Amino acid sequence: MACTSCSHDTAAKRLSPAYKRALWVVLLINAAMFVVEILAGISSGSVSLLSDSLDFFGDSANYAISLIVLPMALSYRAKASLIKGATMGAFGLFILATTVYRLWYGEVPSHSQMSLVGALALLANVTAAWLLYRFRDGDSNMTSVWLCSRNDAIGNVAVIGAGIAVYFTSSRYPDLVVAFIMAALALSASYAIIKQALGELKTA
């Protein structure tokens, strides 16, 4: 039997002005960090920073889609989640392919830029995750928003750790390991979002 009060609570959260404000704030944070990280990734030669910059770009698009479909019926929100899940999956595969390429043709990245920009990105993503934490339970659209921020924060901790490891080892491999981890997180989140969205489409 469906939980009517649970469904009502989810709808109230989804349509609340607080959730909409939170989405706008994290959208602006992610758009700004995309610009910062792509420039830093190119400058430092870090594949993990480049990967994270594309993640910020994808998240910005995901938050924009979430804002558009907030008042729509479940079927439309689920379809939007399918698009976001597919985007995250494509992002994960792109990171994987880029990392494999850098494994053979890469260079040792700048550890100082990796750690500094990684710390800035971590601050941005912890802020976003904190803003979205109380809205994490809901439909696939709300879940996808939360998973984006959670995965980003985990990835940033890993980037900082990779920067420290690069400093001590003078090797590009810590950077590549982190890129592999970020690819795995993206693919895992993609699977979870698509699975939930498909279930919602069946019941919509």
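Residues numbered from 1 in each chain as written. Predicted model: local features only at pLDDT ≥ 70, side-chain atom pairs only at ≥ 80, totals over all residues. Heavy atoms only, no water.

- Named according to an unreviewed UniProt entry, the protein is Cobalt transporter originating from Moraxella porci DSM 25326.
- The UniProt entry for the protein carries the following text under Subcellular location (unreviewed entry): "Membrane". (UniProt positions renumbered as here; feature names shortened; annotations may be inferred.)

### Some points on the overall build of the protein
For step 1, the next point in the chain: Secondary structure assignment for the protein yields 7 helices and 0 strands.
For step 2, the next point in the chain: Across the protein, helices and strands are ordered from the amino to the carboxyl terminus as α-α-α-α-α-α-α.
For step 3, the next point in the chain: For the protein, the residues scored as buried account for 46% of the 204 residues in total.
For step 4, the next point in the chain: A fraction of 84% describes how many contacts in the protein between residues 6 or more apart in sequence connect residues 24 or more apart.
For step 5, the next point in the chain: Carbon and sulfur atoms provide 72% of the accessible area of the protein, an area that totals close to 9,900 Å². (Helix = DSSP H or I, 4+ residues; strand = E, 2+ residues; numbered from the N terminus. Buried < 20%, exposed > 50% of the residue type's maximum accessible area, 1.4 Å probe, protein only. Contact = heavy atoms within 4.5 Å. Areas by Shrake-Rupley, 256 points an atom, 1.4 Å probe, with all protein chains shown as cover.)

### Quick notes on the UniProt feature "transmembrane region" (unreviewed entry) in the protein
For step 1, the next point in the chain: The positions that UniProt labels "transmembrane region" (unreviewed entry) are, in the present scheme, residues 22-40, 60-78, 85-104, 116-133, 153-170 and 176-194.
For step 2, the next point in the chain: Span residues 116-133 is 94% helix and 0% strand, its end C-alpha atoms 25 Å apart.
For step 3, the next point in the chain: Annotated as residues 176-194, this span is 100% helix and 0% strand, and its ends, taken at the C-alpha atoms, are 27 Å apart.

### Points about the side chain of glutamate 37
For step 1, the next point in the chain: With respect to the helices and strands, glutamate 37 occurs in helix 2 (residues 17-44).
For step 2, the next point in the chain: Excluding anything up to four places from it in sequence, glutamate 37 contacts Leu49, Asp52, Ser53, Phe56, Val117, Ala121 and Asn156.

### As for the side chain of serine 190
For step 1, the next point in the chain: Take serine 190: it is sitting in helix 7 (residues 173-203).
For step 2, the next point in the chain: According to the relative accessible area criterion, serine 190 is buried, its value standing at 7%.
For step 3, the next point in the chain: From its side chain, serine 190 meets the backbone oxygen of glycine 85 in a polar contact 2.6 Å long.
For step 4, the next point in the chain: The contact partners of serine 190, leaving out residues within four places of it in the chain, are Gly85, Ala86, Met88 and Gly89. (Polar contact = N/O pair within 3.5 Å; in protein donor to acceptor, adjacent residues only side chain to side chain.)

### Digging into a nonpolar patch on the surface
For step 1, the next point in the chain: A surface patch of nonpolar side chains, about 850 Å² in accessible area, is lined by Leu93, Leu96, Val100, Tyr101, Trp104, Tyr105, Phe180 and Leu187.
For step 2, the next point in the chain: Listed by contribution, the elements that provide at least two residues to the nonpolar patch are helix 4 (74-105) and helix 7.
For step 3, the next point in the chain: Looking at the nonpolar patch element by element, the count peaks at 6 residues for helix 4.
For step 4, the next point in the chain: With respect to the element layout, leucine 93 can be found in helix 4. (Patch = residues over 30% accessible without salt bridge, like charges linked within 9 Å, V, L, I, M, F, W, Y side chains within 5 Å. Salt bridge = Lys/Arg side-chain N within 4 Å of Asp/Glu carboxyl O.)

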